[in-house]
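Residue strings, one per chain:
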Amino acid sequence: MANGSQEISLNKSSDTQGAKPGIADDADDTSEALNRQTHEQFAAYALQQYPGDVDKQEQLIAQLQEQHLEQYLRQMYQQQVAPSAEPEPPTAEQEEELPPVAVASMWTRREIEAFKEEVKREKEAVLRIGSGETVTVRVPTHPQGTCLFWEFATDHFDIGFGLYFEWSNVTTDSVTVHVSDDEDEEEDVDDEEEEKEQKPDAERGVLVSPKRPPCDEILPILRRDSQQQVVCGSHVYPGKGVYLLKFDNSYSFWRSKTLYYRVYYTR
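1. A few points about the nonpolar core
Item 1. Counting 24 residues, the largest nonpolar core has W150, F152, F161, Y243, L245 and F247 as the members making the most contacts within it.
Item 2. Residue assignment for this core shows that the elements contributing at least two residues are strand 3 (126–129), strand 4 (134–140), strand 5 (147–154), strand 6 (159–166), strand 8 (215–224), strand 10 (242–248) and strand 11 (257–266).
Item 3. Ranked by residues supplied to this core, first place goes to strand 6 with four residues.
Item 4. Core analysis: the next-biggest nonpolar cluster, separate from the first, contains 19 residues, L60, W107, F149 and Y260 among them.

Below, the structure is given as structure tokens:
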């Protein structure tokens, strides 16, 4: 359980400040709806951070909702300005529409050393990621959960992080870890040829193949300054499946990274 004296620091992106006027005007119309959707999950997180302090809980909820709105508007703007390619007709498998995937929320908090000490109590939550490696943490949705939360930090250097959702049947609630490197990518040539034959979903951009379940990108893999602050985030379950948390150190030729992470769900 987090210390009640922890200080939360939210990083605001300047990208939203340069958004088109039409997008900014829509903020007032969408803010209330987004706040209703996210209040329960942010309240659960705030309760963990500041147990017994209602004022700080409400302040944190407001800050998280503000950043979530910025992320939502930025994503909508990027979708509008992105060049649109003519979609190919969907296959029979793609005609079965999947539920929509909500926008993820991300923020940072201080007290990184205290976080590492907490995580060290569970040996499985500390991973060493070698140079050139990518670690995928597979987290199945829980039957009693409605939202996934994650927190992570590293020693000395940054690391890439991205989030994906695999629409597959959940047969276990166990979290598993898979390590891959450049050699694995070379062995996946056949998989790449298979992907060339796949057709993207006209509405969702989801790839479907007979061998692999469809997978949605929620957060692209980007380098995060997890050596400076604890990187946190949450995402509302879109349905039953498996979350793929990817920690990417493939860009590093010499340095290994020590990762401290924690994942949990809320109802």
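Don't stop here, the text continues.
2. Observations regarding unusual backbone geometry
Item 1. Even without being glycine, E111 reaches a positive phi, approximately 60°.
Item 2. Here E111 lies in the loop between strand 2 (105–109) and helix 4 (112–119).
Item 3. You can call E111 partly exposed: its relative accessible area is 38%.
Item 4. Here H156, not a glycine, exhibits a phi torsion of approximately 70°, which is positive.
Item 5. Looking at the element boundaries, H156 is found in the loop between strand 5 and strand 6.
Item 6. Given the relative accessible area of 66%, H156 is considered exposed.

3. Some remarks on the environment of M106
Item 1. Its place among the elements puts M106 in strand 2.
Item 2. A relative accessible area of 10% means that M106 is categorised as buried.

4. As for the pairing of strand 2
Item 1. With five of its five residues buried, strand 2 lies for the most part within the structure.
Item 2. Both strand 2 and strand 9 (residues 230–236) contribute to a ladder of five bridges, which runs antiparallel. Residue pairing across strands places S105 opposite S234, the latter belonging to strand 9.

5. Some words on the environment of F157
Item 1. Inspection of the secondary structure assignment puts F157 in the loop between strand 5 and strand 6.
Item 2. Linking F157 and S256, residues 99 residues apart in sequence, is a C-alpha distance of 9.1 Å.

6. Some remarks on the sheet that holds strand 10
Pairing between the strands of a sheet is mediated by backbone hydrogen bonds and can be parallel or antiparallel.
Item 1. Pairing in this open sheet of five strands is antiparallel, and the strands run 7-4-10-6-8 from one edge to the other. Two strands bound the open sheet, and with one partner strand each, they are strand 7 (176–180) and strand 8. The sheet shows a mean angle of 15° between the axes of neighbouring strands, direction not considered.
Item 2. Alignment of strand 4 against strand 7, held across five bridges, turns out to be antiparallel. In the sheet register, R138 faces strand 7, and the bridge partner there is T176.

7. Some points on the side chain of R224
Item 1. Following the sequence through the fold, R224 ends up in strand 8.
Item 2. One buried charged side chain, R224, makes no salt bridge at all; its nearest oppositely charged neighbour is E217, positioned 9.2 Å away.
Item 3. From its side chain, R224 meets the backbone oxygen of F161 in a polar contact 3.2 Å long.

8. Focus: helix 4
Turn by turn, an α-helix covers 3.6 residues, leaving residues three or four places apart pointing in a common direction.
Item 1. Within the span of helix 4, buried status applies to I112, F115, K116, E118 and V119. Each buried residue of helix 4 lies within a common arc of 160° when the element is viewed along its axis, so the set occupies one face.
Item 2. On the buried face of helix 4, the contacting elements are strand 2, strand 3, strand 5, strand 9 and strand 11.

Cut-offs and rules
Counting restarts for each chain, with residues numbered from 1 along the sequence as it is written. Only residues with pLDDT of at least 70 get local features here, since the model is predicted, and only at 80 or more are side-chain atom pairs given and counted; chain-wide, interface and lining totals rely on the full set of residues. Remark: hydrogens and water are excluded; side-chain values derive from all non-hydrogen atoms of the structure. Residues belong to a common nonpolar core when they are buried Ala, Val, Leu, Ile, Met, Phe, Trp, Tyr or Cys residues joined through side-chain atoms within 4.5 Å. Only protein chains enter the accessibility calculation, which uses a 1.4 Å probe; a residue whose area is less than 20% of its type maximum is buried, one above 50% is exposed, and one in between is partly exposed. Going along the chain from the N terminus, every DSSP run of H or I of four or more residues is numbered as a helix, and every run of E of two or more is numbered as a strand. Two strands pair under a simple rule: DSSP has to find at least two bridges between them. Between the N-to-C directions of two axes lies an angle of 0 to 180 degrees, each axis being a line fitted to C-alpha atoms and, for a helix, fitted only over the stretch in contact. Charge assignment in this entry is limited to Lys and Arg as positive and Asp and Glu as negative, and neither His nor the chain termini are counted. Throughout this description, the term salt bridge denotes a Lys or Arg side-chain nitrogen within 4 Å of a carboxyl oxygen of Asp or Glu. Polar contacts here mean pairs of N or O atoms no more than 3.5 Å apart (in protein, one a potential hydrogen donor and the other a potential acceptor; neighbouring residues in sequence count only if both atoms are side-chain atoms). In this description, the arc belongs to the directions extending from the helix axis to the C-beta atoms. By definition, residues are in contact when any of their heavy atoms lie within 4.5 Å.

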